[in-house]
Amino acid sequence: MPAADYKTYCRMIDHALEKKFAYPAINVTSLTTANGVLKGLAESKSDGIIQVSTGGAAFASGLTVKDMPLGAISIAEHVHRAAARYPIYVALHTDHCQAKMLDQFVVPLIEETEKRRAGGLPNLFNSHMFDGSDLSLNENLDVAVKLLERCHKNEIILEVEAGVVGGEEDGISGGGGEKLYTTPEDMLEVYRRLSGIKGARYLLAATFGNVHGVYKPGAVKLKPAILKAGQETVEKAYGKQARFGLVFHGGSGSAPEEIREAIDYGVVKMNIDTDTQYAFTRPIVDHMMKHYDGVLKIEGDVGNKAKYDPRSYMKLGEASLAERVKRAVTELGGVGTTLFGGGR
Ligand SMILES: [Zn+2]
């Protein structure tokens, strides 16, 4: 099916909230990794989300050009074309964008959407993330409100963050301390500000000790109960419809029971990057080690073209990434939940 449009993406989120499962949101940086995600989702009969980070987008545009919007658009255009051949819906999203990067990434992408819509073309992106976690909550929400107004006009969902995701992603370190845990007061304030824009849809990355990257067991203390407390506080103050659709950042390396609990409290999207990066690279390592005398030209020999042709190992990466996506869909409770063709 073609990539999800706004209505379909909203239905996807509502479906996940209602049936208590979550979508994997997988970071991709190339055609091959995007194809691996589509393969994994299709084989799971699950809809899902493909996302591009600032660094991933720059990479996708090529080392010479290094243009983030161009790279993100290139990937999105490919996904729109390729997704038409798969029996699932996929939504396109851009990952963390800090305030200082907005004018270089998210704003040009929204401008592109505005141009497309004016020309009668569908949106390429369903949602963008604004990560204002390095600002005070008040400043964060000042920016978020303006962005959400503009997104809403263009049928784009905005993901915001309150609190800080720990660890490191794309070379940006989240820091730590008490901001690793979003408070119920933070969530109340996010709702109060964002609900002022009538009909606008947004998702909240509330933090509950989650970190980017993967750490040895015991290093990370997830407290999904934080989400429960926040949702209950918001519901008490504003009613049931105020409950957030939540985003779980740093999903890599999480235990299935932690994922389950987070979904119980309203997580509908779980970001996975590190684990799928590893899944892609792992069989390539195998290939290189098993065929080192084919991929290298050793002592005047010519190597083996069949082994150093990038396709020979990148398709192993694609297949392995797809398997990791399938595992994610299973852990997120999403197998067979696609809305395509009527859905379950
Ligand atoms: Zn994140």
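Quick caveat, the model's predicted, so the values are computed rather than measured.

A few words now on the overall build of the chain. What the chain contains, in helices and strands, is 13 helices and 11 strands. In terms of overall size, the chain behaves like a compact globule, its C-alpha atoms giving a radius of gyration of 20 Å where 344 residues would be expected to give roughly 20 Å. Dimensions of the chain, computed from the C-alpha atoms along their principal axes, are close to 75 × 50 × 40 Å. Looking at the chain as a whole, 54% of its 344 residues are labelled buried. Counting contacts in the chain only where the partners sit at least 6 residues apart, residues at least 24 apart contribute 75% of the total. Surface summary for the chain: the accessible area is close to 15,500 Å², and the carbon and sulfur share equals 54%. Once the 41 positive and 43 negative side-chain charges of the chain are each reduced to a mean point, those two points are 5 Å apart.

Right, let's get into the environment of Arg193. Relative to the assigned elements, Arg193 resides in helix 7 (residues 184–194). Distance from Arg193 to Lys45, taken between C-alpha atoms, is 37 Å for residues 148 residues apart in sequence. Setting aside residues up to four positions removed in sequence, Arg193 forms contacts with Asn138, Leu141, Asp142 and Val145.

Moving on: helix 4 (residues 68–83). In this model, helix 4 (16 residues) spans 22 Å end to end at C-alpha, consistent with the 22 Å of a helix rising 1.5 Å per residue. The buried fraction of helix 4 amounts to 12 of the 16 residues, a majority that puts the element mostly inside the structure. When helix 4 is considered as a whole, its buried residues turn out to be Met68, Pro69, Gly71, Ala72, Ile73, Ile75, Ala76, His78, Val79, His80, Ala82 and Ala83. Looking at the buried residues of helix 4, the elements they touch are helix 2 (31–44), strand 2 (48–52), helix 3 (54–60), strand 3 (90–94) and helix 5 (106–118). One side-chain oxygen of the residue at the start of helix 4 lies 2.9 Å from the amide nitrogen of Leu70, identifying that residue as Asp67.

Here the focus is the nonpolar core. Core analysis: the biggest nonpolar cluster contains 77 residues, and Ile50, Leu194, Leu204 and Phe244 have the highest contact counts within it. Considering each element in turn, this core owes the most residues, 8 residues, to helix 4. Apart from the residues within four sequence positions on either side, Leu204 is in contact with Val160, Glu161, Ala162, Met187, Val190, Phe244, Gly245, Leu246 and Val247. Within the second largest apolar cluster, 20 residues are counted, among which are Tyr6, Cys10, Ile49 and Ala205.

A separate point is the pattern of salt bridges. One pass over the structure, following the stated rule, counts 16 salt bridges. Its salt-bridge partner being Glu155, residue Arg117 comes within 3.3 Å of it at the nearest N-O pair. Placement of the pair is Arg117 in helix 5 and Glu155 in the loop between helix 6 (137–153) and strand 5 (157–162), with a sequence separation of 38 residues. The partly exposed category is assigned to Arg117, whose relative accessible area is 29%. In the salt-bridge network here, residues are joined through shared partners; they are Lys39, Glu43, Glu323 and Lys326.

Here we come to the coordination of the zinc ion. Only His96 (NE2), His212 (NE2) and His249 (ND1) from the protein coordinate the zinc ion, and they sit 1.9 to 2.1 Å from it. Written as a sequence motif, the donor arrangement for the zinc ion is H-x115-H-x36-H. One end of the pair, His96, is in the loop between strand 3 and helix 5; the other, His249, is in the loop between strand 10 (246–248) and helix 9 (256–264), and 153 residues separate them in sequence. The exposure class assigned to His96 is buried, which follows from its relative accessible area of 14%. Judged by its relative accessible area of 1%, His249 falls in the buried class.

Okay, the state of the cysteines next. Evaluated as defined, the whole model comprises 0 disulfides. Looking at Cys97, it has no disulfide partner, and the nearest cysteine sulfur is the one in Cys151, 11 Å off.

Within this model, the largest pocket holds a volume of roughly 550 Å³. The wall of the largest pocket is formed by 29 residues, among which Leu17, Gln241, Arg243, Phe244 and Gly245 lie closest to the centre. The set of elements that each furnish at least two residues to the lining of the largest pocket consists of helix 1 (6–19), helix 7, strand 8 (202–206), helix 9 and strand 11 (267–272). Looking at the lining of the largest pocket residue by residue, the class counts come to 16 nonpolar, 6 polar and 7 charged. Quantified by volume, the second largest pocket comes out at close to 320 Å³. Contributing to the lining of the second largest pocket are 20 residues, with Val28, Thr29, Thr33, Asp273 and Gln277 lying nearest its centre.

The next subject is the side chain of Thr338. Note on placement: Thr338 falls in the segment after helix 13 (310–331). Judged by relative accessible area, which is 9%, Thr338 ranks as buried. Engagement of the side chain of Thr338 in a polar contact is seen with the side chain of Asp47, the distance being 2.5 Å.

Cut-offs used in this document
Residues numbered from 1 in each chain as written. Predicted model: local features only at pLDDT ≥ 70, side-chain atom pairs only at ≥ 80, totals over all residues. Heavy atoms only, no water. Helix = DSSP H or I, 4+ residues; strand = E, 2+ residues; numbered from the N terminus. Rg over C-alpha atoms; globule rule 2.2 N^0.38 Å. Buried < 20%, exposed > 50% of the residue type's maximum accessible area, 1.4 Å probe, protein only. Contact = heavy atoms within 4.5 Å. Areas by Shrake-Rupley, 256 points an atom, 1.4 Å probe, with all protein chains shown as cover. Lys, Arg positive; Asp, Glu negative; His and termini not counted. Charge placed at Lys NZ, Arg CZ, Asp CG, Glu CD. Expected span 1.5 Å × (residues − 1). Polar contact = N/O pair within 3.5 Å; in protein donor to acceptor, adjacent residues only side chain to side chain. Core = buried A, V, L, I, M, F, W, Y, C linked by side-chain atoms within 4.5 Å. Salt bridge = Lys/Arg side-chain N within 4 Å of Asp/Glu carboxyl O. Donors = N, O, S within 2.8 Å, 3.2 Å for Na, K, Ca; no water. Disulfide = S-S within 2.5 Å. 1 Å grid on protein atoms, 1.4 Å probe; cavity = no way out; pocket = protein on both sides within 12 Å on 5 of 7 lines; lining within 4 Å. Points joined across faces, edges and corners; volume = space filled by probe spheres on them. Nonpolar A, V, L, I, M, F, W, Y, C, P; charged D, E, K, R; others polar.

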